Amino acid sequence: METITLGQNGPSVTPLCIGTWAWGDKLFWNYGDRYGPEQLQEAFTAALEAGVTFFDTAEIYGMGKSEKFLGQFLQQTQQPVQIATKFGPVPWRFTAQSVSDALTESLKRLQLDRIALYQVHWPFAFFLSQETLMNALADEVKRGRIATVGVSNYSAEQMRDAHQILAARGVPLAVNQVRYSLLTRQVESKGIIATARELGVTILAYSPLAQGLLTGKYSIDSTETPTGARKVDPRFNKEGLQKIAPVISLLRNFGEKYDRTPAQVALNWLIAQGNVIPIAGVKTAEQVRQNAGALGWRLSDDEIGELEQVSRPWL
């Protein structure tokens, strides 16, 4: 399995990351209904079997449950696994100590002494300035509890500011985690992708299948009806599905050529952008195996270009 370096000199990770938002989350993902600890353990094992050893979580996912599950599963393997988690800059955290305390709690739940990637979940600066926050993270790099620092949902300008504060401490900004897929390409038009390339920052792409729209499961003719949050998402109504039909059609065509699913083609397109790692959220071993099918092959340059053209309305 080829690997990608996070940032300029961070850990080497697999070109696909497993997302664990649903691990223990009842609010958005109905954890406990049709999937539980057993399915999550199987998903973790299936990822390692497929050679995918990079996992993304956050302290807020399942209110700490996601980190706890990963911590338990990590105890059962000798295989090297890279974990990324996230710090939430909420209003009551306004000191450098609060950053250190949050990291301590995450490491306890994960049963780790050091984390491969620690990310700031949102660019909110309520009472904790970016200066204080980034310096606190740089301190933790020096202490050895964080290998690399990342941000999430930062604009090009916010990313540049974070990069500059960290650089003054000799710490590179390794990652910006953003929403990115064939149906959400605003990170390109807003200059985030170009700025990341310029600064040597790796892009982690969350929601790479646009909440399932790019799986081809939902279409005008499909009997599959959206549930949960998808019910109220206009992209899943008839007009929304009509709009994305040309993208799905092209994904199907390329999928047939390579004996892959539309989802695997969509993930492959993201990986082909270079310096981009999709985070594919999973609840089951089968979903892990499906997502891993995006690896080990590559769309041609012409096909990458065709998908770029057909998805331009989402720039």
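Here is what the cut-offs are and how they apply
- Residues numbered from 1 in each chain as written.
- Predicted model: local features only at pLDDT ≥ 70, side-chain atom pairs only at ≥ 80, totals over all residues.
- Heavy atoms only, no water.
- Patch = residues over 30% accessible without salt bridge, like charges linked within 9 Å, V, L, I, M, F, W, Y side chains within 5 Å.
- Areas by Shrake-Rupley, 256 points an atom, 1.4 Å probe, with all protein chains shown as cover.
- Salt bridge = Lys/Arg side-chain N within 4 Å of Asp/Glu carboxyl O.
- Helix = DSSP H or I, 4+ residues; strand = E, 2+ residues; numbered from the N terminus.
- Buried < 20%, exposed > 50% of the residue type's maximum accessible area, 1.4 Å probe, protein only.
- Contact = heavy atoms within 4.5 Å.
- Polar contact = N/O pair within 3.5 Å; in protein donor to acceptor, adjacent residues only side chain to side chain.
- Expected span 1.5 Å × (residues − 1).

Asks: I'm lost on a nonpolar patch on the surface in this one. Help?
Replies: A grouping of F94, F124, F126 and F127 is seen on the molecular surface, where their side chains present a nonpolar patch of about 470 Å² in accessible area. Tracing the sequence through the fold places F94 in the loop between β5 (82-87) and α3 (96-110). Using a relative accessible area of 52% as the deciding quantity, one classes F94 as exposed.

Asks: When you look at the environment of T284 in this model, what are you seeing that I'm missing?
Replies: Considering the arrangement of structural elements, one finds T284 in the loop between β10 (276-281) and α10 (285-292). T284 gets classed as partly exposed once you look at its relative accessible area, which sits at 25%. A sequence separation of 88 residues divides T284 from A196, and the C-alpha atoms of the two residues are 32 Å apart. If near-sequence neighbours (up to four positions away) are discounted, T284 is found in contact with Q39 and A43. At 3.2 Å, the side chain of T284 forms a polar contact with the backbone nitrogen of Q287.

Asks: Got a minute to help me understand α3 in this structure?
Replies: Because the α-helix completes a turn every 3.6 residues, residues three or four places apart line up on one side. An ideal rise of 1.5 Å per residue puts 21 Å on 15 residues; α3 measures up with 21 Å between its terminal C-alpha atoms. The set of residues buried in α3 consists of S98, V99, S100, A102, L103, S106, L107 and L110. Close packing links the buried residues of α3 with α2 (65-74), β5, β6 (115-120), α4 (130-143) and β7 (146-152). Q111 sits one or two residues past α3 and shows a positive phi near 55°.

Asks: Just checking my understanding: could you explain the pattern of salt bridges for this structure?
Replies: Oppositely charged side chains can form a pair if their charged atoms are brought close together. According to the stated counting rule, one finds 14 salt bridges in the structure shown. R169 is paired through a salt bridge with D139; the nearest N and O atoms lie 2.7 Å apart. Of this pair, R169 sits in the loop between α5 (156-167) and β8 (173-179) while D139 is found in helix α4, placing the two residues 30 residues apart along the sequence. When its relative accessible area of 36% is taken as the criterion, D139 is described as partly exposed. Across the pair R185 and E308 runs a salt bridge whose closest N-O atoms are separated by 2.9 Å. Of this pair, R185 sits in the loop between β8 and α6 (186-189) while E308 sits in helix α11 (residues 301-310), placing them 123 residues apart in sequence. The two residues R185 and E308 agree in class, both being buried. Overlapping salt bridges, with partners in common, bring together R185, E188, E308 and R312 in one network.

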